[in-house]
Amino acid sequence: MTTLTQLPEILLMGPGPSCVYDEVYEALSRPTLGHLDPLFLEIMDEIRSQLSQVFQAGSDTLTMPLSGTGSSGMEAAFANMIEPGDTVLILVNGVFGVRMVDVAGRLGAEVDAIEFEWGTPVLSEPVQTKLKAKRYKLVGMVHAETSTGVANPVEPIARILDTLPDRPLLLLDCVTSLGGMPVKLDEWGVDIAYSGTQKCLSCPPGLAPFALSKRAVDQLMARKTKVPNWYLDVTMLVKYWEAGGGGGRVYHHTAPINMLYGLHTALRVILEEGLEAGFARHSAAHDQLVQGLEDLDLELLVDPEYRLLMLNAVKVPVGIDEAAVRRVLRQHHHIEIGAGLGPLAGKVWRIGLMGHTARAANVKRVLEALRLSLD
Ligand SMILES: *Cc1c(COP(=O)(O)O)cnc(C)c1O
């Protein structure tokens, strides 16, 4: 039997999970309350307001955390907004865009995809052309493509949608971006967004912050068919997360109480640091890492303009066994970094600087460990 009290502390510098704040570990061990306890209901209300702040959402945006990892957010986004036969356009430049196509297709949507080379960003021009030629109900894209280390420009895509007579809903995957770089749902005009607790929010995996604009909620409530996924049906979940007309809350499923304590605490830590200060910390850690990698003659996959601060895809030099290096980092230095996925498997390492992980001392440690492992 593995003795849990003897688990080593691993510095988590992969694509997630990231290092967890001490305050969050502490919060997870607080006494479990009932899911309708008045004190717990207060905590729920506070989480919704904290989420509106980190999402930079408008006051009429519905926010709540869903029970499940980031992927449950993706599932919920499509399951709630799509009915069979709906037209959907997905912008794909990595694993998570590919997944969106799969998820939307399983729900009976008529899915078109525009594909961009992995490691390069989503471009406006082909999107504009496609949107002129055909009317879509929904356009989906990934903000921070964790599989390649690309930050996709959201605003130019949103501005194209603004020019269309019947604006499609804009769906944005914010799993890796939320808390680490600006996410501005209101300003950009994002209708559906989801995230995960285990990336830049620095909680363990298990919850998916979720947001719907007023327009998305109106369309959801006007569906002709029931939401096909009972567990993630937002029309039912709001009756638990929002006090109804009589102030009552309707049980749907037992909320993961202690995980929600963790999220409440992580969001408090993030908002106390200040969003801008947190973004600046991610940016400084990224710059420090890039400089150190250059000193080691290691190259990044993505052009500087489109690099994600919190996920750095590093090209594996010719003649180096990428898996062996990761093994040495884990075994001798207690550091986890990520491998490449799909077409990038074996070709890159993925070094995460997410949330609590994005600190100078950690960057120094991974650079030193890489130097020793590559010698
Ligand atoms: C990690 C990630 C997901 C999935 O989140 P899980 O917590 O693994 O379910 C979705 N989208 C992006 C961009 C991610 O980085």
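Predicted, not measured: the structure shown is a model, and the values here were computed from it. (Residues numbered from 1 in each chain as written. Predicted model: local features only at pLDDT ≥ 70, side-chain atom pairs only at ≥ 80, totals over all residues. Heavy atoms only, no water.)

Caption draft 1: The arrangement of the overall build of the protein in detail. Helix and strand counts for the protein stand at 13 helices and 14 strands. Its C-alpha radius of gyration of 21 Å places the protein within 12% of the 21 Å reference for a compact globule of 375 residues. By its C-alpha atoms, the protein is 65 × 55 × 40 Å across when sized along the principal axes. Relative to its full complement of 375 residues, the protein shows a buried share of 57%. Counting only contacts in the protein whose residues sit at least 6 apart along the sequence, the fraction spanning at least 24 positions is 72%. Summing over all exposed atoms, the protein offers an accessible surface of approximately 15900 Å²; the carbon and sulfur share of this is 53%. Measuring between centres, the 33 positive side-chain charges of the protein sit 4 Å from its 44 negative side-chain charges. (Helix = DSSP H or I, 4+ residues; strand = E, 2+ residues; numbered from the N terminus. Rg over C-alpha atoms; globule rule 2.2 N^0.38 Å. Buried < 20%, exposed > 50% of the residue type's maximum accessible area, 1.4 Å probe, protein only. Contact = heavy atoms within 4.5 Å. Areas by Shrake-Rupley, 256 points an atom, 1.4 Å probe, with all protein chains shown as cover. Lys, Arg positive; Asp, Glu negative; His and termini not counted. Charge placed at Lys NZ, Arg CZ, Asp CG, Glu CD.)

Caption draft 2: Structural detail: the site of the ligand. Every residue near the ligand is listed here: Thr 69, Gly 70, Ser 71, Phe 96, Val 142, Ala 144, Thr 146, Asp 173, Val 175, Thr 176, Gln 198 and Lys 199. In the environment of the ligand, a nitrogen atom lies 2.7 Å from a nitrogen or oxygen atom belonging to the side chain of Asp 173. One nitrogen or oxygen atom from the side chain of Lys 199 is found 2.7 Å from an oxygen atom belonging to the ligand. Protein coverage of the free-state accessible area of the ligand, which is 380 Å², stands at 90%. Of the residues assigned to the shell around the ligand, the class counts are four nonpolar, six polar and two charged. (Near = heavy atom within 4 Å. Polar contact = N/O pair within 3.5 Å; in protein donor to acceptor, adjacent residues only side chain to side chain. Nonpolar A, V, L, I, M, F, W, Y, C, P; charged D, E, K, R; others polar.)

Caption draft 3: Up close: the pattern of salt bridges. Per the counting criterion, the structure on display carries 19 salt bridges. It is possible to trace a salt-bridge network through shared partners that takes in Glu 155, Arg 159, Asp 162, Arg 167, Asp 191 and Arg 215. (Salt bridge = Lys/Arg side-chain N within 4 Å of Asp/Glu carboxyl O.)

Caption draft 4: Broad picture of the nonpolar core. Counting 94 residues, the largest nonpolar core has Phe 55, Phe 78, Leu 91, Ile 192 and Leu 212 as its most contacted members. Setting aside residues up to four positions removed in sequence, Ile 192 forms contacts with Ala 77, Met 81, Leu 138, Leu 169, Leu 170, Leu 171, Leu 172, Phe 210, Ala 211, Leu 212 and Ala 216. Within the second largest apolar cluster, 24 residues are counted, among which are Leu 298, Ile 335, Leu 367 and Leu 370. (Core = buried A, V, L, I, M, F, W, Y, C linked by side-chain atoms within 4.5 Å.)

Caption draft 5: View of the side chain of Asp 112. Its place among the elements puts Asp 112 in strand E4 (residues 110–115). Only 2.4 Å separates the side chain of Asp 112 from the side chain of Tyr 136, close enough to count as a polar contact. Beyond its immediate stretch of four places on either side in the chain, Asp 112 contacts Val 88, Leu 89, Ile 90, Lys 130, Lys 134 and Tyr 136.

Caption draft 6: Region of interest: the sheet that holds strand E2 (residues 62–67). Judged by pairing direction, the sheet is mixed, and its seven strands sit side by side in the order E2-E10-E9-E8-E5-E3-E4 without closing on themselves. Both outer strands of the open sheet, E2 and E4, are each paired with one neighbouring strand and no more. Across the sheet, the mean angle from the axis of one strand to that of its neighbour is 20°, orientation sign disregarded. Looking at chain direction, E2 and strand E10 (residues 207–212) are connected through six bridges and run antiparallel. Bridging across to E10, Met 64 finds its partner in Phe 210. With respect to the sheet, helix H2 (residues 38–55) is in contact with E2, strand E9 (192–194) and E10, its orientation differing from that of E2 by roughly 110°. (Pairing = 2+ DSSP bridges. Axes fitted to C-alpha atoms, helices over the stretch in contact; angles between N-to-C directions.)

Caption draft 7: Quick peek at helix H8 (residues 214–221). Buried within H8 we find Ala 216, Val 217 and Leu 220. Buried residues of H8, seen end-on, are gathered within an arc of 100° and therefore sit on one face of the element. For H8, the elements touching its buried residues are E2, helix H3 (70–81), strand E8 (169–173), E9, E10 and helix H9 (234–241). (Arc of directions from axis to C-beta.)

Caption draft 8: Focus on the environment of Val 325. Mapped onto the secondary structure, Val 325 falls in helix H12 (residues 322–333). It is 9.4 Å that separates the C-alpha atoms of Val 325 and Trp 349, two residues lying 24 residues apart in sequence. Apart from residues no more than four positions distant in its own chain, Val 325 is found in contact with Ile 320, Trp 349, Leu 370, Ser 373 and Leu 374.

Caption draft 9: Region of interest: helix H4 (residues 95–106). The end-to-end C-alpha distance of H4 is 17 Å, a good match for the 16 Å that twelve residues give at a rise of 1.5 Å each. For H4, the complete set of buried residues consists of Val 95, Phe 96, Gly 97, Met 100, Val 103 and Ala 104. Positive backbone phi, approximately 85°, marks Gly 108, located one or two places after H4. (Expected span 1.5 Å × (residues − 1).)

Caption draft 10: Looking closely at the environment of Pro 168. On the secondary structure map, Pro 168 appears in the loop between helix H6 (155–162) and E8. When its relative accessible area of 2% is taken as the criterion, Pro 168 is described as buried. Sequence-wise, Pro 168 and Asp 191 are 23 residues apart; in three dimensions their C-alpha atoms are separated by 9.3 Å. In contact with Pro 168, other than residues within four places in its own chain, are Leu 131, Arg 135, Tyr 136, Lys 137, Leu 138, Val 139, Leu 161, Asp 191 and Arg 215.

Caption draft 11: Main features of the packing of aromatic side chains. Scanning the entire structure with this criterion turns up two aromatic pairs. Centre to centre, the rings of Phe 40 and Tyr 261 are 6.4 Å apart; their planes meet at 65°, and the pair counts as edge-to-face. A residue pair is termed long-range when its members are at least 10 positions apart, and Phe 40 in helix H2 and Tyr 261 in helix H10 (residues 257–273) qualify at 221 residues. Ring geometry for Tyr 240 against Trp 241: centres 6.0 Å apart, planes inclined by 75°, an arrangement best described as edge-to-face. (Phe/Tyr/Trp six-rings, centres within 6.5 Å; stacked < 30°, edge-to-face > 60°.)

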